[in-house]
Amino acid sequence: MVAALRDDYEFKVVGRDRAFAAPDTSSTRPGWYRSVGFTARHLPVSHAGASGLRSLLRETHYDILVLNGFFDREFTLPALTLRRFHQTQNRPVIVAPRGEFSPGALSLKANRKRAFLKAARASSLCRGVTIHATSDSEASDIRREAPWLQNICVAPNIRQSNPVGLLEQQGSLTFRIAFLSRIDRKKNLDFALRVLRSTNIEIQFDIFGPITDAVYWTECQTLIERLPPNVKAQALGAVPQAQLSQTLRNYDLFFLPTAGENFAHAIYDALEAGVPVLISDQTPFRNLNDQKAGFDLPLHSPELFAEAIKALANQSQTDRSTWRHSARALFERTLQSDDAVQKTKAMFEAALAEPIEGRAA
């Protein structure tokens, strides 16, 4: 977003002071600092929210506040609460749920989320807030689960190409699969491990991503220990954003059976690298098999995932090459047909034009 719109808007980006599950903040630089195309600042985080958020929102000049995540307890919930009780500047607010209203995502910690939705509605917490949906399907999810959220704007996530050369995989007895995402229940790593347990081909399964749920990771480790001898799995930690496509191109398949995504940057990274993807049917990517770019399958049929892996692993070298080029072609078609920049600008301008209840902070 910053790279595409920095000539039109000045961005100030505020984030958590550490990666998910990181234990300390020793490397965080204090105060605001200049990065490429934007100004940035990090705030200490805890279960009580981002420390210093109230002061920052009162003292920093901004025209629009954009919040990522509807159920986020570190920034979104505190910021909306401060706004509701007139403790921040009187500015337009855009909240991007990032797929949190999909059935799969809502099923995780469902009672807590349902309670929050009821409380948000009763307290008018989102009155006057623009809800950013990245697709018509996500907008439908939001309207189904929270029809009282009236101001929904559809603007696709902005994606810019950073093409890497396709790597033609040579024939190998071991089928290489990558999982790249945060390690938490929504991303469904345990499902992937159970699918792999039912395969009978030689597989190297590499797990990339930060651990954001330590209890869940312990469960996954138990599943890893129970994998059959033909499946070797290892956790390799997080990958810097700039290296994602370069890393993924070394694999035969990208496997992410997520419970719900509105965009899934990692899927784009895999397609950009020319790697077929095996995903759930809870993302915007559909009919992948028809396009020879992968498979989008229902989570209630894990046997279909195992069959897809077997089919891909048994492909000839010519077919594998065809699917790699088809995956890259899908990425390029999606990028070329995307009017995300113009729709995002329109969303910002509409938010700025919305009347705000007359009150001073």
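This text follows the structure it describes.
To start, this report covers the structure provided alongside it.

Comments concerning the packing of aromatic side chains
Under the definition given, this model contains 13 aromatic pairs. The interplanar angle of 85° and the centroid separation of 5.1 Å between the aromatic rings of Tyr9 and Phe348 together place this pair among those described as edge-to-face. Of the two residues, Tyr9 sits in the loop between helix 1 (2–5) and strand 1 (12–16) while Phe348 sits in helix 13 (residues 340–353), which places them 339 residues apart along the sequence. Judged on exposure class, the residue Tyr9 and its partner Phe348 are both buried. When the centroid spacing of 5.0 Å and the interplanar angle of 80° are considered together, the rings of Phe191 and Phe305 count as edge-to-face. Highlighted residues: Phe191 in helix 7 (residues 189–197) and Phe305 in helix 11 (residues 302–313), separated in sequence by 114 residues. Taking the relative accessible area as the measure of exposure, Phe305 reaches 0% and is therefore buried. Three or more aromatic residues link up through ring pairs in this structure, and these residues are Phe70, Phe71, Phe101 and Phe116.

Re the environment of Thr199
Mapping Thr199 onto the fold places it in the loop between helix 7 and strand 11 (203–208). Take Thr199: its relative accessible area is 10%, and that puts it in the buried class. Residues Thr199 and Val275 lie 76 residues apart in sequence; the distance between their C-alpha atoms is 20 Å. Here Thr199 is in contact with Asn230, Val231 and Ala306, once residues within four sequence places are set aside. In terms of polar contacts, Thr199 uses its side chain to reach the backbone carbonyl oxygen of Leu196, at 2.7 Å.

A look at the nonpolar core
With 58 residues, the main nonpolar core has Leu189, Phe205, Phe254, Phe255 and Ile309 as its most contacted residues. Beyond its immediate sequence surroundings of up to four residues, Leu189 is in contact with Phe179, Ile183, Phe205, Ile207, Tyr216, Trp217 and Cys220. Ala79, Phe116, Ala139 and Ala146 belong to the second-largest nonpolar core, a separate cluster that totals 32 residues.

What counts and how
- Residues numbered from 1 in each chain as written.
- Predicted model: local features only at pLDDT ≥ 70, side-chain atom pairs only at ≥ 80, totals over all residues.
- Heavy atoms only, no water.
- Phe/Tyr/Trp six-rings, centres within 6.5 Å; stacked < 30°, edge-to-face > 60°.
- Helix = DSSP H or I, 4+ residues; strand = E, 2+ residues; numbered from the N terminus.
- Buried < 20%, exposed > 50% of the residue type's maximum accessible area, 1.4 Å probe, protein only.
- Contact = heavy atoms within 4.5 Å.
- Polar contact = N/O pair within 3.5 Å; in protein donor to acceptor, adjacent residues only side chain to side chain.
- Core = buried A, V, L, I, M, F, W, Y, C linked by side-chain atoms within 4.5 Å.

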